[in-house]
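The chain contents come next:
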Amino acid sequence: MHGLINKSVQAFLRDNYGPSLWSRVAQDIGIGPEGFEAMLRYDDALTEDLIRAAMAALDKPRAVVLEDIGAYLATVEPVRRLLRFSGTDYWEFLFSLEELQGRGRMALPDLEFPELRFNAECRGRFTLEVRGPIPGWGAVIAGLLRAMADDYGALVLIEVIEPQGICERVQVLLLEAAYVEGRRFDLARPRGGL
Amino acid sequence: MAARCTVERWEDALSGLSPQAMGQLMPMFLWLDRRGTVRALGPTLGKILGPECPIGTPFAQHFQLGSARARRSAAAGGGAMAGGRRLHLTLCARPDISLRGSAVEVGQNGAEGVLVNLTFGIHLVEAVRVFGLTEADFAPSDLALELLYLQEAKTAVLDELRALNARLDDARRSAVTQALTDPLTGLANRRAFELALDKALQGLALGGAPFALAHVDLDHFKAVNDTLGHAAGDYVLTKAAEVLRAETRRGDVVARVGGDEFVLLLRGALAPARLAAMGARIIARLEQPWVFETAVCRISGSIGVALSAHYVTPDAGQMQADADAALYSSKRQGRGRCTIAGSGEMAEGDSRLS
């Protein structure tokens, strides 16, 4: 698995719950407290161990942990900025989700990002089909979509619904694309780093 | 490459294309008349050229064409810009930002001037910053946003890689240091010493400086270790290491190569008398009693020295054997002394120097 994925889980645990919880999780899975390197690759089984250890440490079910991770990622400024390049408003963002895998690969060709298929059903209702290398990507994407709705200032209802075979599904009900003013996004990266 | 078209009377059909629609499709279009005066322009280009309306002003007031051929054609009224070739323009107000695009003639033989469509080239990131451009300033068909996205993604990945490289380099350095250091005394270990000796010999072969090799054995160390325990033994080794370090210079190598065995690689052309004095100083300091907890530890040292200058072609094995023989001679003569190999002070049968 790409180190960026493990590193994201690590950053989520450390930033949201503190270094001591992260150290416990690291010890559980037999790695040092310095954790993962985003630009190295790790055994796939280690990612699974990491998710299980995080579930145990937080005492939360898998889907909840993964959704929280997705929401966390969208608040990390460099990631948020890269996501905001997908569209001017939430509507455009939703319609560009199918490109998300391609965008991810444009930056990191060996990143195991899930394949997303976007179906518009009726006025404002969409179903997103998620096919990822490990189960649970649907929940991660649901968390990400929810946090990005806040970022764009859109009013949405997002729900992980029954999977169809190996294909996980997320339902999006877009009530208003511009409900409140979203967070600021300038095309030019602010000077002095992020 | 001919465009496909099923429309008859194309010009009439297209007359419904408003400047607004044109600007939406091509936010950086520019329409010049035959004399090179601006007739119309897209909203993004307008934003770039500043608050004063450029309509009716000459092209050359705002842009400079990139090549001599193009400059001539601009002077001729702009019609000759339309050649299907890529155009390069720079902004007069911002010569650091260049634009590129292409131009086509409008009307019969360019009677209505030329239509130019522009885009940012490689200076996109800078242009976005300087002119405060937003997503709305780019046509959806323009890859500008993808380019900006890639630029940021690339920067983030490179930052990560740079940080990773720095961490790996630190780890490598400390691994190398660990692999070459004696953990108890912090001196060089046997491996580090052998590397240094090889290097000194190679340097010598290339006309480098001579050096001396000193083997130092602690005397009575075993007694300290056996009667006062390992902790006292370790303490004495640490103190002995301090003495050796203090009595040598920065460029010299001090190594612990066995339990109570040390070697010194002393650089430079040192006279035997100076080496003997140095040996005597070391031994005198080793013989000062050290107090470990409540116990007094007394040791001494025996030293054997070999000088590279004594050999026609110095060789690591031979020099070490000769330093050992000199050390052995010091021990045989009652310990607590320093012997220089080949100096004539060695006991009969000890010298293997030829």
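Given the structure is predicted, the values throughout are model-derived calculations rather than measurements.

Criteria and thresholds
- Residues numbered from 1 in each chain as written.
- Chains lettered and ligands numbered in written order.
- Predicted model: local features only at pLDDT ≥ 70, side-chain atom pairs only at ≥ 80, totals over all residues.
- Helix = DSSP H or I, 4+ residues; strand = E, 2+ residues; numbered from the N terminus.
- Rg over C-alpha atoms; globule rule 2.2 N^0.38 Å.
- Buried ≥ 20, exposed ≤ 12 C-beta atoms within 10 Å, placed from the backbone.
- Contact = placed C-beta atoms within 7 Å.
- Domains from an automatic or database assignment.
- Expected span 1.5 Å × (residues − 1).
- Pairing = 2+ DSSP bridges.
- Axes fitted to C-alpha atoms, helices over the stretch in contact; angles between N-to-C directions.
- Core = buried A, V, L, I, M, F, W, Y, C linked by C-beta atoms within 7 Å.
- Nonpolar A, V, L, I, M, F, W, Y, C, P; charged D, E, K, R; others polar.
- Parallel < 35°, antiparallel > 145°, perpendicular 65-115°, else oblique.
- pLDDT = per-residue confidence, 0-100.

> I'd love a proper account of the overall build of chain B, names of residues and values included.
The helix and strand inventory of chain B stands at 11 helices and 13 strands. For 354 residues, the compact-globule estimate of 2.2 N^0.38 gives 20 Å, and chain B exceeds it by more than 25% at 42 Å. Seen through its C-alpha atoms, chain B measures out along the principal axes to roughly 120 × 50 × 40 Å. A burial count over chain B gives 33% of its 354 residues as buried.

> Can you explain the overall build of chain A? Please cite residues and give values.
The secondary structure content of chain A amounts to eight helices and four strands. The secondary structure elements of chain A, listed N-terminal to C-terminal, are α-α-α-α-α-α-α-β-β-α-β-β. In terms of overall size, chain A behaves like a compact globule, its C-alpha atoms giving a radius of gyration of 17 Å where 194 residues would be expected to give roughly 16 Å. Judged by the C-alpha coordinates and their principal axes, chain A covers about 50 × 45 × 30 Å. Split into buried and exposed, the 194 residues of chain A put 35% on the buried side. Put simply, of all contacts in chain A between residues at least 6 apart along the chain, 60% involve residues at least 24 apart.

> Kindly report on the domain arrangement of chain B, identifying the contributing residues and their values.
In terms of domains, chain B is made up of domain 1 (10–140), domain 2 (143–179) and domain 3 (190–340). The distance between the C-alpha centroids of domain 1 of chain B and domain 3 of chain B comes to 81 Å.

> Lay out helix α1 (residues 3–17) of chain A with the relevant residues and their values.
All names here are of chain A. An ideal rise of 1.5 Å per residue puts 21 Å on 15 residues; α1 measures up with 21 Å between its terminal C-alpha atoms. Residues of α1 that are buried include every one of Gly3, Leu4, Ile5, Asn6, Ser8, Val9, Gln10, Phe12 and Leu13, and no others. Each element contacted by the buried residues of α1 is listed here: α2 (19–28), α3 (44–58) and α4 (62–73). Just beyond α1, the residue with positive phi is Gly18, at close to 95°.

> Tell me about the sheet that holds strand β9 (residues 261–267) of chain B, residues and numbers included.
Residue and element names in this part refer to chain B. On the basis of which strands lie adjacent, the open sheet formed by five strands has the order β8-β9-β7-β12-β13 and mixed pairing. The sheet is open, and its two borders are formed by β8 (253–256) and β13 (338–340), each paired with just one other strand. Averaged over all adjacent pairs, the angle separating strand axes in this sheet is 15°, with direction ignored.

> Summarise the nonpolar core; cite the residues concerned and give the values.
Of all hydrophobic cores here, the largest spans 79 residues; its most connected members are A:Ile141, A:Leu145, A:Val170, A:Val172, B:Leu30 and B:Val116. It is helix α8 (residues 137–152) of chain A that provides the largest number of residues to this core, a total of 11 residues. Not counting chain neighbours up to four residues away, the residues in contact with A:Val172 comprise A:Leu94, A:Phe126, A:Leu128, A:Leu145, A:Val156 and A:Ile158.

> Please provide a residue-by-residue account of unusual backbone geometry, values included.
Peptide bonds are, in most cases, trans, and in most cases residues other than glycine have a negative phi. One non-glycine residue with positive phi stands out, namely A:Asp59, at about 55°. According to the C-beta neighbour criterion, A:Asp59 is exposed, with 7 such atoms within 10 Å. The backbone phi angle of B:His220 is positive, close to 65°, even though this residue is not glycine. Following the sequence through the fold, B:His220 ends up in the loop between β7 (211–219) and α8 (221–228). Classification of B:His220 by C-beta neighbours within 10 Å gives partly exposed; the count is 18.

> Lay out the interface of chain A and chain B in plain terms, naming residues and giving numbers.
The partner chain B presents 17 residues to the 15 residues of chain A that form the contact. Grouping the constituent residues of the side of chain A that touches chain B by class yields 10 nonpolar, one polar and four charged.

> Please provide a residue-by-residue account of the packing of α1(A) against α4(A), values included.
Residue and element names in this part refer to chain A. Where α1 contacts α4, the axes come no closer than 10 Å and their chain directions differ by 85°. Judged by the angle between their axes, α1 and α4 are roughly perpendicular. Contacts between α1 and α4 pair Ser8, Val9, Phe12 and Asn16 from the former with Ile69, Tyr72 and Leu73 from the latter. Each residue belonging to the contact of α1 with α4 can be placed in one class, and the counts come to five nonpolar, two polar and no charged.

> Quick one: what's the story with the confidence of the model for chain B, residue by residue and with numbers?
All names here are of chain B. For chain B, the mean per-residue pLDDT works out to 89, and 92% of the residues sit at or above 70. The weakest mean pLDDT in chain B belongs to helix α4 (residues 68–75) at 55; the strongest belongs to β8 at 97. Predicted as a complex, the structure gets a pTM of 0.73 and an ipTM equal to 0.83.

> I'd love a proper account of the pairing of strand β3 (residues 155–164) of chain A, names of residues and values included.
Inspection of the sheet shows β3(A) paired to strand β4 (residues 167–176) of chain A by eight bridges, in the antiparallel sense. By the bridge assignment for β4(A), A:Ile158 is matched with A:Val172.

> Break down the sheet that holds strand β4 (residues 87–91) of chain B for me, with residues and values.
Note on sheets: strands pair through backbone hydrogen bonds, and any given pair is parallel or antiparallel. Residue and element names in this part refer to chain B. Spatial strand order, β2-β1-β6-β5-β4-β3: six strands in an open sheet with antiparallel pairing. Two strands bound the open sheet, and with one partner strand each, they are β2 (38–41) and β3 (63–65). Shown here is a sheet whose adjacent strand axes are inclined to one another by a mean of 30°, direction ignored. Here strand β1 (residues 29–32) runs beside strand β6 (residues 114–120); their pairing, made up of four bridges, is antiparallel. Residue pairing in the sheet places Phe29 in a bridge with Asn117 of β6.

> So what's going on with the domain arrangement of chain A? Which residues, and what values?
The domain architecture assigned to chain A consists of domain 1 (3–59) and domain 2 (77–176). Taken over C-alpha atoms, the centre of domain 1 of chain A sits 24 Å from the centre of domain 2 of chain A.

> Go over the packing of α1(A) against α2(A), please, and point to the residues and values.
Residues and elements named next belong to chain A. Here α1 crosses α2 at 145°, and the two axes come no closer than 7 Å. Contact with α1, carried on its side by Gln10, Leu13, Arg14 and Tyr17, involves Pro19, Leu21, Trp22 and Val25 of α2 and no other residues of that element. Residue composition of the contact of α1 with α2, by class: six nonpolar, one polar and one charged.

> Describe the pairing of β1(B), listing the residues and the values that go with them.
Residue and element names in this part refer to chain B. Taking every second residue as pointing to the same face, both faces of β1 are buried, with Phe29 and Trp31 on one and Leu30 and Leu32 on the other. Looking at chain direction, β1 and β2 are connected through three bridges and run antiparallel. Directly across from Trp31, in β2, lies its bridge partner Ala40. Here β1 hands over to β2 after five residues, with Gly36 in that stretch at a positive phi of 85°.

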